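Okay, here's what each chain looks like letter by letter:
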Amino acid sequence: KQEVTQIPAALSVPEGENLVLNCSFTDSAIYNLQWFRQDPGKGLTSLLLIQSSQREQTSGRLNASLDKSSGRSTLYIAASQPGDSATYLCAVKGTGANNLFFGTGTRLTVIP
Amino acid sequence: DGGITQSPKYLFRKEGQNVTLSCEQNLNHDAMYWYRQDPGQGLRLIYYSQIVNDFQKGDIAEGYSVSREKKESFPLTVTSAQKNPTAFYLCASSLQQGSHEQYFGPGTRLTVT
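To keep things clear, this report deals only with the structure shown in the data block. What you see is a predicted model, and the numbers here were worked out from it, not measured in a lab. Counting of residues starts from 1 at the beginning of each chain's written sequence and follows it residue by residue. Here the convention is simple: chains get letters from A, ligands get numbers from 1, in the order in which they are written. Predicted model: local features are reported for residues with pLDDT of at least 70 only, side-chain atom pairs are reported and counted for 80 or more only, and whole-chain, interface and lining totals are derived from all residues. Side-chain measures here rest on the full set of heavy atoms in the structure, leaving out hydrogens and waters.

1. Details of the sheet that holds strand β8 (residues 76-78) of chain B
Residue and element names in this part refer to chain B. Quick reminder of the rule: Following DSSP output, two strands are said to pair if at least two bridges run between them. Runs of H or I in DSSP of at least four residues are treated as helices and runs of E of at least two as strands, each being numbered from the N terminus. Only C-alpha atoms enter the line fits that serve as axes; for helices the fit covers just the stretch in contact. Angles between N-to-C directions range over 0 to 180 degrees.
In space, the 4 strands of this open sheet follow the order β1-β3-β8-β7, with antiparallel pairing throughout. Of all strands in the sheet, those bounded by a partner on one side alone are β1 (4-7) and β7 (64-66). Each adjacent strand pair in this sheet contributes to an overall mean axis angle of 20°, direction not counted.

As structure tokens, then:
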């Protein structure tokens, strides 16, 4: 069964810093990988979707990469802002699965 | 506005009562999903539906039931058989089952005492 791990569980950075969030998964047979943002008590907001054939996706200050063979993805956030403070979740869709497999998230705090 | 709505935002029930959580989407998506989120754990799939009048069990379906009578609606009933129902419930949809992006609703927090 697919297992998704996100390290670290929590991260604090000063405003303006660039940062990288990590996601690893055990089964490389995936359809896609999705990064989400979740604010406390709220639903998930989709940030980026990377199909298995792609290496990276960019949206504004966010860049997500995918290395399927090593079972890793990173989410790069440039010039962090206090408004980026949230929990970031990654999820993978397996080729034989009907659902997304989620990591437990990284809780990011950007300090003004 | 297109999107997914869930109601209510907060729900309180006594143990032994069934309760139904609402999920509606106007995105014209075929597939819909119910997940459960508990502190310190990743989201886990309860049920999913690929098309109207069809649904399948997910990883933790015991104690839950669903229906899909309309494309727009996928209500989840938490029955008294669910041993630990207090959780945050999230509904999602995607254009189709498969490689499509999933979009999530705002969630319903259920507390059972």
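2. So, the state of the cysteines
Stated formally: When two cysteine sulfur atoms are found within 2.5 Å, that pair is recorded as a disulfide. Exposure classes here rest on a 1.4 Å probe applied to the protein chains alone. A residue is buried below 20% of its type maximum, exposed above 50%, and partly exposed in between.
Under the counting rule described, the total for this entry stands at 2 disulfides over all chains. Between the sulfur atoms of A:C23 and its disulfide partner A:C90 the distance amounts to 1.9 Å. Disulfide A:C23-A:C90: torsion about the S-S bond near 70°, hence right-handed. Here A:C23 is found in strand β3 (residues 19-25), whereas its partner A:C90 is found in strand β9 (residues 86-94), with 67 residues between them in sequence. For the residue pair A:C23 and A:C90, the accessibility class agrees, reading buried in each case. At a sulfur-sulfur separation of 1.9 Å, the disulfide partner of B:C23 is B:C91. Taking the torsion about the sulfur-sulfur bond, which here is approximately -70°, the covalent link between B:C23 and B:C91 counts as left-handed. Taken together, the positions of B:C23 in strand β3 (residues 19-25) and B:C91 in strand β9 (residues 87-94) put the pair 68 residues apart, joining distant regions of the chain.

3. Topic: the side chain of B:R68
All names here are of chain B. Rules: Only four residue types enter the tally: Lys and Arg on the positive side, Asp and Glu on the negative side, with His and both chain ends excluded. A pair is scored as a salt bridge if a Lys or Arg side-chain nitrogen falls within 4 Å of a carboxyl oxygen belonging to Asp or Glu. We define a polar contact as two N or O atoms separated by no more than 3.5 Å, with the added condition that, inside protein, one atom must be a possible hydrogen donor and the other a possible acceptor, whereas residues neighbouring each other in sequence contribute only through side-chain atom pairs.
Mapped onto the elements, R68 comes out in the loop between β7 and β8. D30 is the oppositely charged side chain nearest to the buried, salt-bridge-free R68, at an N-O distance of 6.0 Å. A polar atom in the side chain of R68 sits 2.7 Å from the side chain of S49.

These figures capture arrangement, not role.
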